[in-house]
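Next come the chains, spelled out residue by residue.
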Amino acid sequence: MKTALITGITGQTGGYLCEQLVDAGWEVHGLVRDADDLESDFRGRFPGVTLHSGDLTSEASLRNAVMGVRPGAIFNLGGLSSVSSSWKAPVLTGQVNGMAVGMLLELAAELRRETGERLSFVQASSAEIFGVASQVPQNEDTPVRPVNPYGASKAYAHHLVGVYRRAGLSASSCILYNHESPRRPESFVTRKITRGVARISAGLDSTLTLGSLDVKRDWGWAPDYARALALAAEAEAGDYVIATGTAHTVRDFVSAAFGAVGITDWEPFVEQDPAFMRAQDAPNQVGDASRAREVLGWEPSVEFDELVRRMVDHDLELVRAASSN
Ligand code: NAP
């Protein structure tokens, strides 16, 4: 049986990765900030998953988890994942998203020296490392030039993964483009839109307030991105862009979400507020996942309209459940 240690197992993508590895027969361990708090929830959902208390800022707790579990693969999905929050906490973002990766890589290298066996390290990197990219679509050779503290922290981690790979560790950096699902927190624009549309459709709200509608993102289905991480652990180590290759604007997302509840004339329901506009925003993120297709055999499985519809349907269900209580 293969053994995985996942950081960020309570997050959107970590949860999907956990489910997929358990289904594939892996022994799964997760690093969480308070294992006692989550133990019964996880026990119910995943009888085989073992949780370990630890924080990405604590070398001692990372050492306990890595040396205690002795995994064959470490998936590092833990991190501060909000670009806007990273401006408010740039130092903590650097510690959690950047320096912790150095600690984990060094522990992985130490364990590999001890056992002499292959140990895969898979990093959840981000399209934000490219910032205002010099090319569209971006690929693994696009210059790394972040424009926000989140992107800078992920860029540092991305380079560290390359450093340890060149030193002999099977370390991969999956450069993930935006991926969404009903498990995305409401602080992210996609979920804010689908929740807002569900509430407007139920007559609970009359407006949805957003920032720029012109920002373009390459949005994919989160379980597909978890699958890419699992594939990377078993493949030749490298950098892999994970993206659909198609960009849509926030306006497209809004239109698709209202379309899913049968509202075509949606403009009267949407307000724009400069407070939600970000000064430094990568304007045109779209990824070329050719290498992932060739080497990992990875393909996205859910189209944009279907992704939006699934999120809206989920939020409609939540609205219905809340009103029947
Ligand atoms: P998420 O839902 O925000 O989950 C983040 C996870 O990190 C949570 O489990 C959180 O635990 C954990 N975490 C945060 N700070 C920690 C700390 N100090 N010590 C230990 N754990 C900590 O993120 P996601 O959407 O699943 O994304 C997973 C990874 O992919 C992240 O690294 C993100 O930056 C990266 N990524 C995501 C996207 C995307 O579109 N989703 C795109 C590119 C890259 P708690 O439950 O305790 O908060």
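Caption draft 1: A look at the sheet that holds strand E6 (residues 170–176). In space, the 7 strands of this open sheet follow the order E3-E2-E1-E4-E5-E6-E11, with parallel pairing throughout. Whereas interior strands pair on both sides, the edge strands pair on one side only; in this sheet they are strand E3 (50–53) and strand E11 (239–242). Going from strand to strand, the sheet's axes swing by 20° on average, the running direction of each strand aside. Pairing between E6 and E11: 4 bridges, direction parallel. The partner of Leu176 across the bridge, within E11, is Ile242.

Caption draft 2: Geometry of unusual backbone geometry. Between Val136 and Pro137 the backbone carries a cis peptide bond, its omega angle lying at 0°. Topologically, Pro137 is positioned in the loop between strand E5 (120–126) and helix H6 (149–166). Even without being glycine, Arg70 reaches a positive phi, approximately 50°. If you trace the backbone, Arg70 turns up in the loop between helix H3 (59–69) and strand E4 (73–76). What makes Arg70 partly exposed here is its relative accessible area of 39%.

Caption draft 3: Fine view of the packing of helix H7 (residues 189–201) against helix H9 (residues 250–260). Their axes nearest at 9 Å, the elements H7 and H9 cross at an angle of 30°. Classified by the angle their axes make, H7 and H9 are roughly parallel. The interaxial crossing formed by H7 with H9 has right-handed handedness. When H7 is examined against H9, the residues Val189, Thr190, Ile193, Thr194, Val197 and Ile200 are found in contact with a partner set consisting of Val250, Phe253, Val254, Ala257 and Phe258.

Caption draft 4: Inspection of the environment of Arg43 at higher detail. Along the chain, Arg43 turns up in helix H2 (residues 35–45). Owing to a relative accessible area of 34%, Arg43 belongs among the partly exposed residues under this scheme. Setting aside residues no more than four positions away along its own chain, Arg43 makes contact with Val49 and Thr50.

Definitions and cut-offs
Residues numbered from 1 in each chain as written. Predicted model: local features only at pLDDT ≥ 70, side-chain atom pairs only at ≥ 80, totals over all residues. Heavy atoms only, no water. Pairing = 2+ DSSP bridges. Helix = DSSP H or I, 4+ residues; strand = E, 2+ residues; numbered from the N terminus. Axes fitted to C-alpha atoms, helices over the stretch in contact; angles between N-to-C directions. Buried < 20%, exposed > 50% of the residue type's maximum accessible area, 1.4 Å probe, protein only. Parallel < 35°, antiparallel > 145°, perpendicular 65-115°, else oblique. Left-handed = near helix turned anticlockwise from the far one by under 90°. Contact = heavy atoms within 4.5 Å.

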